[in-house]
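A closer look at the structure
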Amino acid sequence: MGRRGFTLIEGLVIVAVIAAVAVVAILIIDPKILFQQSRDTRRIADLNQVNTAINAVYSLHPGFSFGSSSVYYLSLIDPTATTSAGTDCSGLGFPSGGTYHCAASSSVYNVDGTGWIPVNFTKVPGSGGLSKLPVDPVNTSSSGDFYVYVASGCRWKLESFLESKKYQSLEANDPGCAANAYQVGDFQLPGLTKATSATVAYIQDTYSSNHFWYFFAQFSYPSGTMSETWTGDYAVMLNGPTTLAGAVAVDASGSIFNVNNYPLASYAEIQKFGADRSYVLSFGSYGSGVGQMVNPQGIAVDKSGNVFVVDSGNNRVEKWVPNGNSYVNSLTFSTLTGLTPSQFNAPEGIAVDAVGDLYVVDAGNGRVVKCAPNDQSYRCTSFASAGAGLGQLSSPKGISLDPVGNVWVADYGNKRIDRFTTAGNYVGNVAVSSGNPWGVGADSGCVYFTSFIYFADSCSWNNYATTSNLWATGQWQPEWLAVH
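The structure displayed is predicted, hence computed values, not measured ones.

Our next topic: the sheet that holds strand S25 (residues 399-401). One open sheet holds the 4 strands; their spatial order is S25-S26-S27-S28, and the pairing between them is antiparallel. Edge positions in the sheet fall to S25 and strand S28 (426-431), since each has one partner strand and no second. For this sheet, the mean angle separating the axes of adjacent strands, direction not counted, is 20°. Judged from the 5 bridges that link them, strand S27 (residues 416-421) and S28 form a sheet pairing that is antiparallel. If you follow Arg-416 over to S28, its bridge partner there is Ala-431.

Here the focus is unusual backbone geometry. A cis amide bond links Thr-340 with the next residue in sequence, Pro-341, at an omega value of -5°. Relative to the elements of secondary structure, Pro-341 occurs in the loop between strand S18 (326-333) and strand S19 (350-352). One non-glycine residue with positive phi stands out, namely Asn-315, at about 50°. Among the structural elements, Asn-315 can be located in the loop between strand S16 (307-311) and strand S17 (316-323).

Attention now goes to the packing of aromatic side chains. Tallied over the entire structure, the rule returns 15 aromatic pairs. Aromatic pair Phe-257 and Tyr-327: ring centres 5.9 Å apart, planes at 90°, arrangement edge-to-face. With Phe-257 in strand S10 (residues 256-262) and Tyr-327 in strand S18, the pair connects residues that are 70 residues apart, well separated along the chain. Each of the two residues, Phe-257 as well as Tyr-327, counts as buried. Their ring planes at 45° and their centres at 5.0 Å tell us that Phe-283 and Trp-320 sit as a pair that is tilted. Taken together, the residues span a long stretch of sequence, with Phe-283 in strand S12 (residues 279-283) and Trp-320 in strand S17 at a distance of 37 residues. Relative accessible area serves as the criterion here: at 4%, Phe-283 is assigned to the buried category. Residue Trp-320 is classed as buried on the basis of its relative accessible area of 4%. One aromatic cluster is present, formed by Phe-257, Phe-283, Trp-320 and Tyr-327 through successive ring pairs.

Estimated volume of the second largest pocket: approximately 190 Å³. In terms of lining residues, the second largest pocket is bounded by 17 residues, among which Asp-302, Phe-308, Lys-319, Pro-373 and Tyr-378 are the most central. Among the secondary structure elements, those contributing two or more residues to the lining of the second largest pocket are S18, strand S21 (367-374) and strand S22 (377-383). Classifying every residue of the lining of the second largest pocket gives 6 nonpolar, 6 polar and 5 charged.

Attention shifts here to the pairing of S21. When you tally the buried positions in S21, you get 6 out of 8 residues, the bulk of the element. Judged from the 5 bridges that link them, strand S20 (residues 358-362) and S21 form a sheet pairing that is antiparallel. Directly across from Val-361, in S21, lies its bridge partner Val-368. In this antiparallel pair of consecutive strands, S20 and S21, the connection spans 4 residues, and Gly-366 shows a positive phi of 60°. As defined by bridge partners, S21 adjoins S22 across 7 bridges and the pair is classed as antiparallel. From the neighbouring strand, Asn-374 faces S22, where its bridge partner is Ser-377. From the end of S21 to the start of S22, which pair antiparallel, there are 2 residues, and Asp-375 there has a positive phi angle of about 60°.

Let's shift gears to the nonpolar core. With 29 residues, the main nonpolar core has Ile-54, Phe-66, Trp-116, Ile-117, Phe-121, Tyr-149 and Leu-158 as its most contacted residues. By residue number, the principal contributor to this core is helix H2 (residues 31-60), which donates 6 residues. Those residues in contact with Phe-121 that sit more than four places away from it in its chain are Val-50, Ala-53, Ile-54, Val-57, Val-111, Ser-127, Gly-128, Leu-130 and Leu-133.

Right, let's get into the pattern of salt bridges. Once their charged atoms are close, side chains differing in charge can pair, the charge on each being opposite to the other. For the structure shown, the criterion picks out 13 salt bridges. Two residues, Arg-42 and Asp-46, come together in a salt bridge whose shortest N-O distance is 3.6 Å. Pair noted here: Arg-42 and Asp-46 are both in helix H2, with a separation of 4 residues, about one helical turn. We classify Asp-46 as buried; its relative accessible area is 10%. Its salt-bridge partner being Arg-416, residue Asp-411 comes within 3.0 Å of it at the nearest N-O pair. For the pair formed by Asp-411 and Arg-416, the shared burial category is buried. Counted as one network, the salt bridges with shared partners bring together Arg-39, Asp-40, Arg-43, Asp-136, Asp-145 and Glu-163.

This next bit is on the sheet that holds S18. One open sheet accounts for 4 strands, arranged S15-S16-S17-S18; its pairing is antiparallel. Looking at the sheet topology across the chains shown, the edges are occupied by strand S15 (296-301) and S18. Direction aside, the axes of adjacent strands within the sheet are offset by 25° on average. Pairing geometry for S16 and S17, over 5 bridges, is antiparallel. Bridge pairing in S17 places Asp-311 opposite Arg-316.

The rules behind the values
- Residues numbered from 1 in each chain as written.
- Predicted model: local features only at pLDDT ≥ 70, side-chain atom pairs only at ≥ 80, totals over all residues.
- Heavy atoms only, no water.
- Pairing = 2+ DSSP bridges.
- Helix = DSSP H or I, 4+ residues; strand = E, 2+ residues; numbered from the N terminus.
- Axes fitted to C-alpha atoms, helices over the stretch in contact; angles between N-to-C directions.
- Phe/Tyr/Trp six-rings, centres within 6.5 Å; stacked < 30°, edge-to-face > 60°.
- Buried < 20%, exposed > 50% of the residue type's maximum accessible area, 1.4 Å probe, protein only.
- 1 Å grid on protein atoms, 1.4 Å probe; cavity = no way out; pocket = protein on both sides within 12 Å on 5 of 7 lines; lining within 4 Å.
- Points joined across faces, edges and corners; volume = space filled by probe spheres on them.
- Nonpolar A, V, L, I, M, F, W, Y, C, P; charged D, E, K, R; others polar.
- Core = buried A, V, L, I, M, F, W, Y, C linked by side-chain atoms within 4.5 Å.
- Contact = heavy atoms within 4.5 Å.
- Salt bridge = Lys/Arg side-chain N within 4 Å of Asp/Glu carboxyl O.

Here's what the structure looks like:
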């Protein structure tokens, strides 16, 4: 019998198989991809090795200095630097306003504290396993590929930017707070951003209380430029009376939580909207019992999805945890053991950081109460006091944390935005030229705030000054603000 040829279908199948194999082969042997993966493997190993060495120093010398909290230490070599001068990275094109450190080529690898990381690893046996400090495999400012080290007291963080798709998923899943950088360390401290970062401000409108407004901002690294645009407003269908719809918060998935509050009608609840702006659910009710609220004000959501509400009328803070398709009140606290006064007095805003610490604006007492998780409760301290002096507060309202370690408070009575560290040290303020500030939000480059007159920002790579941009509001009254 003679040999028959391929049918048309068989031929097409064979061609498809060959094409698929060819694509796979190209992907497997593509040297660019392999080099990216190789460099990322080294970056991950480098940062973890250094982190282990710093832990060794810390375990033997817990009071040792790990660097200045106001400086970004970079693995880059500044060509203008010497071992004793010119180490501010000025020749590498970074935006003004930030404080950077780049070592000289002669010292960048040193492990005695004179290298690009200001930690003396020789304080521990074998220098913590480091014979020299690693630097990024590319290590250029133009590409944005370099290592970053930041510190605050005895806490630190290291970060790198990964290239390959194989490893970039680690950036979003590591313990750090930056989704576009691989981070290791002891504490979630500020880092740099490699590419353009986006901020969306959600502004609650009191005048037409079933509306939120979008504001979109982009900060570009390393140029330091800022672009800002309105993206319009949208209506949300709030249940019940809406005259005093209040504070707003946004979780990691983009879901929006709004305080719907109308004391004159004995009405209070929290409403959740999806990232697509559709109504999802409501929880809470008016009253003083468990799971009830009177005149609720500030709201915040932590990285686990827990919702914290300031129950101002009952002088307490409530914690609500996700429970299937609803939320359950799991904790209510008002007594502040060890503080004087020991009770909240008309609290207003609230913020939560990456490790779960709460920052509550205790308006009636003119202070900020910081509460750290303590088993099934919270252990609280406070900072600031009532008054008009620097570092004092008068009828404060909103509060926000930025990724750089600042706490921003809307100092309503003093017509300014006050700036503190997370330890409660006063840093400075931004003057509000018109109106009294209420809501406040911040990212790594700007602080945004509202009054009943306008929405504004102050931006300058962390050199915040008097209001730099104002947006007239027309027939709407911005009150609470969330930056996401």
